[in-house]
Amino acid sequence: QSNPAIAGFEILLGVVRPKSELINEKGEKVGTIKQLQEDGNPVNEVKAGKQAAVSIQGPTIGRNLNEGDILYVKVPKSDIKLIKQKLSNELSAEEMELLAKVEKLVK
């Protein structure tokens, strides 16, 4: 349940890596990814469309984290600005929409 919390996740869009800070749909910090595993093996990243076991430092399952919760990787405001300026033509419309949503959450 906690220390770290371990749960199964489906990555809906983008890429998730260890040490990423997670926020909920209210923009509140949930915790930090400690480790990712696919098929029982540690991995350095998980891409969209994949499922993984994720250990998260910080939350307690059932209190701060519940089944069905949608979480976002917190992207610093300075990085969002840089991505918009230099990489916007390399991102899909869905990824740009997600970036805009994360930008609103971190304000």
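Everything discussed here concerns the structure shown above.
Report on the accompanying structure.

Conventions and cut-offs
Residues numbered from 1 in each chain as written. Predicted model: local features only at pLDDT ≥ 70, side-chain atom pairs only at ≥ 80, totals over all residues. Heavy atoms only, no water. Helix = DSSP H or I, 4+ residues; strand = E, 2+ residues; numbered from the N terminus. Rg over C-alpha atoms; globule rule 2.2 N^0.38 Å. Buried < 20%, exposed > 50% of the residue type's maximum accessible area, 1.4 Å probe, protein only. Areas by Shrake-Rupley, 256 points an atom, 1.4 Å probe, with all protein chains shown as cover. 1 Å grid on protein atoms, 1.4 Å probe; cavity = no way out; pocket = protein on both sides within 12 Å on 5 of 7 lines; lining within 4 Å. Points joined across faces, edges and corners; volume = space filled by probe spheres on them.

With that settled, consider the overall build of the protein. The helix and strand tally for the protein stands at two helices and eight strands. Start at the N end of the protein and walk to the C end: the helices and strands fall as β-β-β-β-β-β-β-β-α-α. Over its C-alpha trace the protein gives a radius of gyration of 14 Å, about what one expects of a compact globule, namely 13 Å for 107 residues. Counting only C-alpha atoms and orienting by the principal axes, one finds that the protein spans roughly 40 × 30 × 20 Å. Classification of the 107 residues of the protein by burial places 27% in the buried group. As displayed, the protein offers around 7,300 Å² of accessible surface, 46% of which is attributable to carbon and sulfur atoms.

This next bit is on the layout of surface pockets. By volume, the largest pocket is sized at about 1,200 Å³. As for the largest pocket, its lining consists of 40 residues, of which Leu-13, Val-16, Tyr-72, Val-73 and Leu-98 are closest to the centre. Listed by contribution, the elements that provide at least two residues to the lining of the largest pocket are strand S1 (5-10), strand S2 (15-16), strand S4 (29-38), strand S8 (72-73), helix H1 (77-86) and helix H2 (93-105). A per-element tally of the lining of the largest pocket places H2 first, with seven residues.

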